[in-house]
Amino acid sequence: MQLLAKGTGQGDTSASTTREVAHEVNSKELLGNSDQLVIRHEQRRYVLRRTKSGKLILNA
């Protein structure tokens, strides 16, 4: 997993990095062999679903 530093577009672990901009995860890591994943966020339930055409949809 690689974190991207603000303004660089590349991984940066220097002390000057002020905040994390992106956290990239492969959808296969999240979904595995399943077609959906339930995500809890601030007492709400979201469902990330892979469609038959391979696209992702997030519903609350």
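None of these values were measured; they are calculated from a predicted model.

Draft legend 1. Up close: the overall build of the chain. Helix and strand counts for the chain come out as one helix and five strands. Listed N to C, the secondary structure of the chain is β-β-α-β-β-β in terms of helices and strands. Among the 60 residues that make up the chain, the fraction classed as buried is 8%. For the chain, restricting intrachain contacts to residue pairs at least 6 apart in sequence, the fraction spanning at least 24 positions comes to 3%. Summing over all exposed atoms, the chain offers an accessible surface of approximately 5300 Å²; the carbon and sulfur share of this is 47%.

Draft legend 2. Molecular detail of the environment of S27. Position of S27 relative to the elements: it lies in helix 1 (residues 27–31). The partly exposed category is assigned to S27, whose relative accessible area is 29%. In sequence terms S27 and L56 are 29 residues apart; their C-alpha atoms lie 8.9 Å from each other. S27 has contacts with G32 and L56, leaving out every residue within four places of it along the chain.

Draft legend 3. Local environment of the pairing of strand 5 (residues 56–59). Where strand 4 (residues 44–50) meets strand 5, four bridges bridge the pair, whose relative direction is antiparallel. Each bridged residue has a counterpart across the sheet, and for R49 the counterpart in strand 5 is I57.

Draft legend 4. The arrangement of the confidence of the model for the chain in detail. Scored by pLDDT, the chain has a mean of 82; 72% of the residues are at 70 or more. Of all helices and strands in the chain, the one with the weakest mean pLDDT is strand 1 (residues 3–5) (53), whereas strand 4 scores best (97).

Draft legend 5. Spotlight on unusual backbone geometry. One non-glycine residue, E42, adopts positive backbone phi at about 50°. Position of E42 among the secondary structure elements: in the loop between strand 3 (36–41) and strand 4.

Draft legend 6. Expanded view of the pairing of strand 3. Inspection of the sheet shows strand 3 paired to strand 4 by six bridges, in the antiparallel sense. Residue pairing for strand 4: V38 is matched across the bridge by V47. Adjacent in sequence and paired antiparallel, strand 3 and strand 4 are bridged by two residues, among which E42 carries a positive phi angle near 50°.

Rules behind the numbers
- Residues numbered from 1 in each chain as written.
- Predicted model: local features only at pLDDT ≥ 70, side-chain atom pairs only at ≥ 80, totals over all residues.
- Heavy atoms only, no water.
- Helix = DSSP H or I, 4+ residues; strand = E, 2+ residues; numbered from the N terminus.
- Buried < 20%, exposed > 50% of the residue type's maximum accessible area, 1.4 Å probe, protein only.
- Contact = heavy atoms within 4.5 Å.
- Areas by Shrake-Rupley, 256 points an atom, 1.4 Å probe, with all protein chains shown as cover.
- Pairing = 2+ DSSP bridges.
- pLDDT = per-residue confidence, 0-100.

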